[in-house]
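Remarks on the overall topology
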Amino acid sequence: MTERSLRGGALGQLGSTQARLPGDDVWLEARGVVKTFGGAQALGGVDLDVRAGEVHGLVGANGAGKSTLVKIIAGLEVPDAGEIIIDGASHSRMTPDRSTDAGLAFIHQELNLIPQLDAAANMYMGQRRPRRLGLISGRDTYAEAERVLTRVGAKFSPRADIKDLSAGEQWLIAIGRALNANARLIAMDEPTASLSARESEHLYELVFDLAAQGISVLFVSHKLDEILKLTSRITVFRNGLRITTVDTADTSRPELVNLIVGREMSTTRSTTPVARAGEPALRVVGLHRKSVVSHVSFDLFPGEVLGLTGLVGAGRTETARMIIGAEPADSGEVFVGSTRYTRRNPDRSMRLGMGYVPEERRTQGLLMSQSIQFNMTLAALRRFRFRSRIPFLSRELARRETQRLMERLHVQARSPGQAVDRLSGGNQQKVLLGRIVAARCTVMILDEPTRGVDVGARAEVYALLRELAAEGKAVLVISSDPEELVGTCDRVLVMSAGRLVGEVEGADASVAQLVTMSYEFVDNNSEG
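Attention shifts here to the pairing of strand E3 (residues 55–59). For E3, the tally of buried residues reaches 5 of 5 residues, placing the bulk of the element in the interior. Of the two faces of E3, the one lined by Val 55, Gly 57 and Val 59 and the one lined by His 56 and Leu 58 are each fully buried. As judged from the 4 bridges shared by E3 and strand E10 (residues 216–220), these two strands associate in the parallel manner. Across the sheet, the residue bridging to Val 55 is Val 217, located in E10. Note that E3 and strand E11 (residues 233–238) share 4 bridges and pair parallel. Paired with Leu 58 across the strands is Thr 235, a residue of E11.

Another aspect to go through is helix H7 (residues 197–212). Between its terminal C-alpha atoms H7 stretches 23 Å, which fits the 22 Å expected from 16 residues at 1.5 Å a residue. Where H7 is concerned, the buried positions are Ser 200, Leu 203, Tyr 204, Leu 206, Val 207, Phe 208, Asp 209, Leu 210, Ala 211 and Ala 212.

A few words now on the environment of Leu 423. Positionally, Leu 423 belongs in the loop between helix H14 (395–409) and helix H15 (425–438). We classify Leu 423 as buried; its relative accessible area is 9%. It is 9.3 Å that separates the C-alpha atoms of Leu 423 and Ile 372, two residues lying 51 residues apart in sequence. What Leu 423 contacts, discounting residues up to four positions off in sequence, is Ile 372, Gln 412, Ala 413, Gln 418, Gln 428 and Val 431.

The sheet built from 6 strands is open, its strands ordered E6-E9-E10-E3-E11-E12 with mixed pairing. Each end of this open sheet is capped by a strand with a single partner; those strands are strand E6 (104–107) and strand E12 (241–247). Put simply, the sheet's adjacent strands are angled 20° from each other on average, direction ignored. Packed onto the sheet, helix H2 (residues 66–74) meets E3, E6, strand E9 (185–189), E10 and E11 and runs at close to 140° relative to E6.

Pairing within the open sheet is mixed, and its 6 strands lie in the order E18-E21-E22-E15-E23-E24. What marks the edges here is a single partner per strand, and that holds for strand E18 (354–357) and strand E24 (499–505). Adjacent strand axes in the sheet meet at a mean angle of 20°, parallel and antiparallel pairs treated alike. Judged from the 4 bridges that link them, E18 and strand E21 (residues 443–447) form a sheet pairing that is parallel. Note that in E21 the partner of Gly 355 across the bridge is Met 444. Where H15 meets the sheet, it contacts E18 and E21, and its direction lies at approximately 170° from that of E18.

Reading guide: rules and limits
- Residues numbered from 1 in each chain as written.
- Predicted model: local features only at pLDDT ≥ 70, side-chain atom pairs only at ≥ 80, totals over all residues.
- Heavy atoms only, no water.
- Buried < 20%, exposed > 50% of the residue type's maximum accessible area, 1.4 Å probe, protein only.
- Helix = DSSP H or I, 4+ residues; strand = E, 2+ residues; numbered from the N terminus.
- Pairing = 2+ DSSP bridges.
- Expected span 1.5 Å × (residues − 1).
- Contact = heavy atoms within 4.5 Å.
- Axes fitted to C-alpha atoms, helices over the stretch in contact; angles between N-to-C directions.

As structure tokens, this is what we get:
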């Protein structure tokens, strides 16, 4: 960063606060914050302090607890225990309004801008607009929006349509919205994940300038090089715990990686490597969509559990959804066995023998108000007809199959008729897995199959995956948890910035290797 960017830059026109380096005054604290989801611990008594005018980095592997803590501070999640202290005032529970009133602003990776509105309308969304004689003044709104956009170095009009702006320009709108609200702390979640190198550099200048004006910045990122460039201190999370807070000047990239990974646990397993011979059950060739997934190719063989990992924004879920036709691809081919799969859509995928378990089971996978039986048999209704030519279902056949699957998957419920929304998260996940088992799929794609699942249910899911592979099924597991991939998969593919950047044999894989590879490539890709 240049001296200009540190002391003046785009925000140098503010003039309302004297520029200064971060002091020792702690402005925001989290003390003993605890949060569990369905029996799984997301945060285990976490502490954090952010000083006034400080750029504070937050790092950790996926699922380490960073985003959960940020959501609690923002009032989007309610902690089970602990307190948030803002400028000396203690809060056992934040709300979005209370957080805003306290001077906090949060810019999430998904910016939640409304494309039908222009830049000014998005900047003032949820905020009080300039008024004249008690009425909203459109002229004053645009004039004020233009002044704020100038402060952040924007080159577009406040009347510009959101859909016509780049990702970097949309970030400027989000920062402008925070400044409009007189924010004293701005939390940024993966701010450069979708920005070009030039847009990232401009954002870096803004971050320095915000801090120079006395505004604290909580910077959450997987890109360790930019964390080391921007911050004065870094807090490391692992497995829902704060491991340490270090002074950036006293640490290095390898030391950060070691802190993020921690001591590697034993993950050996007694499985025989798959003999990958003959025809793949699934072949993906050059799957591509601009700015999302870049020419991804791989083979998945019968009897194999193949892992797919990478950091936030790597393109894992998008790849899976393009394979089954839930999202469009610009180019590329998919083969299921020897069948070239064109005109892809989820219904045809299921008919070809591909089952998909989405990451968001409650909103994308299950019909929550319906029964276990309804959800488990939904994709296999043809199996439960009285006779093949009579289009009437046998409830008894469906009930017996559901009961069999419930016993196999250890679903804890009163009966097949119990509503899914009355089950725990782990049992809901088992119901969704039961659906693709009931459909007798030969290729199974599972996105974060143990997300929000307690330890006991996780072990049962892992055992099922190996059992399905032993039956000759081809299983693709997308996961943010490197430990579960090492302990479950025959091979693991690593994605970064939409590309496949590495492949590791299960017998040779380690947690440290997968995490290090993900960080190495995400930093290398960010430089281009």
